[in-house]
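Results of the structural survey
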Amino acid sequence: MRTAAEFNLYYTAPDPWHISHARFRDKVLRRCMKSFIRDKSVLELGCGEGHLTQTVFRKARSVVGIDISDVAIARAKSLELPNARFESADFLQASFENYDVIAAIECVNYLSLPERGAFLEKVAREHAGKILLISGPIVDYTRHFGHKRLMHEFTTLGFKSLRFYNLSLYWHPPSSRIIANLIKLPLAHTLLDWMPEQMVYQRLYALRAPKPA
Ligand SMILES: C[S@@+](CC[C@H](N)C(=O)[O-])C[C@H]1O[C@@H](n2cnc3c(N)ncnc32)[C@H](O)[C@@H]1O
């Protein structure tokens, strides 16, 4: 896991991952997640500066956004979103209890493998029988976040995979860049889930945590 100080360094300047320009990702995430989050109480892990809280989670009844970077959290608070409050904390230490949905969008991929195992076990314990939405890059270079490995961990720990959605395509090799751009044309996003596995960059998993025995 990276530390609060390391993530604060990323946030020296606002929007270090150019998330505010990722309008296509916002659109796809909104479509995939709307049925899971509408009128629900959501715990948004690794919320950063609150970009998704504002653009994607605005239909949730309430959102608690948690991020390890207090610099990012200060910016999120300044948005003054009516349905959200923000806290600076390591999500591995935060309580997962009493939310309808936990959303972990592009943040669990920063954990080591043992930390990810501990994270999933914590979800199973404190969020039993409820919805977990988790996304990250599943491409080859992040081998430990690959699809097969994730599915293996989910099923081993008793999570039920409800659905997964492709969020974006990888820009390598350069020929893929053309398709990655074409998919952004109106309605072309409907083809995302039909793309071959090796072209997929980010994927969202909708899971149900195991029910208590
Ligand atoms: C790539 S950004 C993603 C931000 C946002 N979820 C999005 O997708 O637009 C990853 C965020 O996760 C946060 N993060 C990483 N590990 C964390 C942890 N253990 N606890 C809380 N936040 C964490 C980082 O500070 C950073 O803001």
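Placed above this text is the structure.
This write-up is about the structure you can find in this document.

To continue, consider the pairing of strand E5 (residues 131-137). Within E5, seven of the seven residues are buried, which leaves the element mostly enclosed by the surrounding structure. Here strand E4 (residues 101-105) runs beside E5; their pairing, made up of five bridges, is parallel. What sits directly across from Ile102, in E5, is Leu132. As for the winding sense of the linkage, the β-α-β connection from E4 through helix H5 (residues 113-126) to E5 is right-handed.

Turning next to helix H4 (residues 70-77). Within H4, the full set of buried residues consists of Ala72, Ile73 and Ala76. The arc that holds every buried residue of H4, seen down its axis, measures 100 degrees, which confines them to one face. Its buried side turned inward, H4 meets strand E2 (62-67) and strand E3 (84-88).

A word on the side chain of Ser176. When you line up the elements, Ser176 lands in helix H7 (residues 174-182). Sequence-distant contacts of Ser176, that is, excluding residues within four places in its chain, are made with Tyr170, Trp171 and Met199.

Each strand in a sheet pairs with another by means of backbone hydrogen bonds, the pair being arranged parallel or else antiparallel. Across the sheet, seven strands lie side by side as E3-E2-E1-E4-E5-E7-E6; this open sheet has mixed pairing. Sheet topology places E3 and strand E6 (160-169) at the edges, where each strand pairs with a single neighbour. With direction set aside, neighbouring strand axes in the sheet form an average angle of 15 degrees. Both E6 and strand E7 (residues 200-208) contribute to a ladder of eight bridges, which runs antiparallel.

On to the pattern of salt bridges. The final tally for this structure, using the stated rule, is nine salt bridges. Across the pair Arg25 and Glu106 runs a salt bridge whose closest N-O atoms are separated by 2.6 Å. Taken together, the positions of Arg25 in helix H2 (residues 23-37) and Glu106 in the loop between E4 and H5 put the pair 81 residues apart, joining distant regions of the chain. On the basis of relative accessible area, Glu106 is assigned to the partly exposed category, the value being 25%.

Turning our attention to the site of the ligand. If you check the shell around the ligand, you find 18 residues, and the closest are Tyr11, Arg25, Gly46, Asp67 and Ile105. With respect to the ligand, the backbone of Gly46 contributes an N or O atom lying 2.7 Å from a nitrogen atom.

Parameters at a glance
- Residues numbered from 1 in each chain as written.
- Predicted model: local features only at pLDDT ≥ 70, side-chain atom pairs only at ≥ 80, totals over all residues.
- Heavy atoms only, no water.
- Buried < 20%, exposed > 50% of the residue type's maximum accessible area, 1.4 Å probe, protein only.
- Helix = DSSP H or I, 4+ residues; strand = E, 2+ residues; numbered from the N terminus.
- Pairing = 2+ DSSP bridges.
- Right-handed = clockwise from strand over helix to strand, strands pointing away.
- Arc of directions from axis to C-beta.
- Contact = heavy atoms within 4.5 Å.
- Axes fitted to C-alpha atoms, helices over the stretch in contact; angles between N-to-C directions.
- Salt bridge = Lys/Arg side-chain N within 4 Å of Asp/Glu carboxyl O.
- Near = heavy atom within 4 Å.
- Polar contact = N/O pair within 3.5 Å; in protein donor to acceptor, adjacent residues only side chain to side chain.

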